[in-house]
Amino acid sequence: LAKTTQPISMDSYEGQEVNITCSHNNIATNDYITWYQQFPSQGPRFIIQGYKTKVTNEVASLFIPADRKSSTLSLPRVSLSDTAVYYCLVGGGFSGGYQKVTFGTGTKLQVIP
Amino acid sequence: GAVVSQHPSRVICKSGTSVKIECRSLDFQATTMFWYRQFPKQSLMLMATSNEGSKATYEQGVEKDKFLINHASLTLSTLTVTSAHPEDSSFYICSARVSGAYEQYFGPGTRLTVT
């Protein structure tokens, strides 16, 4: 299982762009990278998923370098409601085969007014 | 789409009793469901993987006789905490995986308090 390493916490002011980097040095060829957001006492919410290069959706962008040993979640213009814990997960693949994933420590993002 | 529900959202029970938590995929069929436990200020810990129609696979250190998992249909999995003790108090979260895909969708969680 690919282990992930993220910063424990980050602070950001409202309106700024936030980049959270995750290291996954032993990522496997068929592993995908997925980011989740979790608020206190709630289940994690899917943010974005990618395999390589760049993926963008309505809430975030995910940058993955060519070696795929790290990834960066980019949140544009954060607001107070983005204060949460962000988890980077690595595993699985769209082949249909299942590979369990392990949650790392996550990054607690605190947005400051 | 891809909504997962859990019931109850919170439950308080007395030590020694059993508690059942339901996890349902509301708008999709989930061949695989997962059960996690999360203690305060900690990350999610995978407890077991539940496959429809077969026995659950438990992670190392998780007592299968204490945490009974049943995945009787493609939309429902249940976790029963038997003979609960105060140390079982935690936030239990389930997730469901669409057949053929990797993405997991998480339920809102169940807060269990054992007194």
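Residues numbered from 1 in each chain as written. Chains lettered and ligands numbered in written order. Predicted model: local features only at pLDDT ≥ 70, side-chain atom pairs only at ≥ 80, totals over all residues. Heavy atoms only, no water.

Participant: So, the overall build of chain A: which residues are in play, and what are the values?
Facilitator: Along its length, chain A carries zero helices and nine strands. Each helix (α) and strand (β) of chain A, taken in turn from the N terminus, gives the series β-β-β-β-β-β-β-β-β. In terms of C-alpha radius of gyration, chain A reaches 14 Å, essentially the compact-globule figure of 13 Å for 113 residues. Seen through its principal axes, chain A has C-alpha atoms that stretch 45 × 30 × 25 Å. Across the 113 residues of chain A, 46% fall into the buried class. Expressed as a percentage of contacts within chain A between residues at least 6 apart in sequence, the contacts between residues at least 24 apart total 57%. Within the structure as shown, chain A displays about 5,600 Å² of accessible surface, and the carbon and sulfur contribution to it stands at 53%. (Helix = DSSP H or I, 4+ residues; strand = E, 2+ residues; numbered from the N terminus. Rg over C-alpha atoms; globule rule 2.2 N^0.38 Å. Buried < 20%, exposed > 50% of the residue type's maximum accessible area, 1.4 Å probe, protein only. Contact = heavy atoms within 4.5 Å. Areas by Shrake-Rupley, 256 points an atom, 1.4 Å probe, with all protein chains shown as cover.)

Participant: Which residues make up the overall build of chain B, and what are the values?
Facilitator: Counting its regular elements, chain B contains zero helices and eleven strands. Ordered by position from N to C terminus, the α and β elements of chain B give β-β-β-β-β-β-β-β-β-β-β. For 115 residues, the compact-globule formula gives about 13 Å, and the C-alpha radius of gyration of chain B, at 13 Å, lands near that figure. Principal axes of the C-alpha set define a box for chain B whose edges measure 40 × 25 × 20 Å. When the 115 residues of chain B are sorted by exposure, 51% land in the buried category. Within chain B, counting contacts between residues at least 6 apart in sequence, those at least 24 apart form 54% of the total. Accessible area for chain B stands at about 5,400 Å²; split by element, carbon and sulfur atoms hold 51% of it.

Participant: Explain the layout of surface pockets to me, using residue names and the numbers behind them.
Facilitator: All names here are of chain A. Taken as a whole, the largest pocket spans an internal volume of roughly 550 Å³. Only β8 (84–91) and β9 (107–112) provide two or more residues apiece to the lining of the largest pocket. Residue composition of the lining of the largest pocket, grouped by class: nine nonpolar, nine polar and three charged. (1 Å grid on protein atoms, 1.4 Å probe; cavity = no way out; pocket = protein on both sides within 12 Å on 5 of 7 lines; lining within 4 Å. Points joined across faces, edges and corners; volume = space filled by probe spheres on them. Nonpolar A, V, L, I, M, F, W, Y, C, P; charged D, E, K, R; others polar.)

Participant: Go over the environment of B:Asp88, please, and point to the residues and values.
Facilitator: Residues and elements named next belong to chain B. Residue position: Asp-88 is located in the loop between β8 (76–81) and β9 (90–98). Residue classification places Asp-88 among the buried residues on the basis of a relative accessible area of 5%. In this structure, the C-alpha to C-alpha distance between Asp-88 and Thr-113, residues 25 residues apart in sequence, is 7.7 Å. In this structure Asp-88 touches Lys-66, Phe-67, Val-81, Ser-83, Leu-112 and Val-114, once residues within four positions along its chain are discounted. Among the polar contacts made by the side chain of Asp-88, one reaches the side chain of Lys-66 at a distance of 2.8 Å. (Polar contact = N/O pair within 3.5 Å; in protein donor to acceptor, adjacent residues only side chain to side chain.)

Participant: I'd like a rundown of the sheet that holds strand β4 (residues 45–50) of chain A, residues and numbers included.
Facilitator: Note on sheets: strands pair through backbone hydrogen bonds, and any given pair is parallel or antiparallel. Residue and element names in this part refer to chain A. Across the sheet, which stays open at both edges, the five strands sit in the order β1-β9-β8-β3-β4 with mixed pairing between neighbours. With partners counted over all chains shown, the strands left at the sheet margins are β1 (9–13) and β4, one partner each. Strand-to-strand, the axes of this sheet are offset by a mean angle of 25 degrees, without reference to chain direction. Note that β8 and β9 share three bridges and pair antiparallel. Pairing of Tyr-86 across the sheet is with Thr-107, part of β9. (Pairing = 2+ DSSP bridges. Axes fitted to C-alpha atoms, helices over the stretch in contact; angles between N-to-C directions.)

Participant: Tell me about the sheet that holds strand β5 (residues 53–56) of chain A, and please be specific about residues and values.
Facilitator: Residue and element names in this part refer to chain A. The strand order across the open sheet formed by four strands is β2-β7-β6-β5, and the pairing between neighbours is antiparallel. Each having just a single partner strand, β2 (18–23) and β5 make up the two edges of the open sheet. Taken over all neighbouring pairs, the strand axes of this sheet differ in orientation by 15 degrees on average, direction set aside. Summarising the sheet, β2 and strand β7 (residues 70–75) pair through six bridges and their orientation is antiparallel. If you follow Ser-23 over to β7, its bridge partner there is Ser-70.

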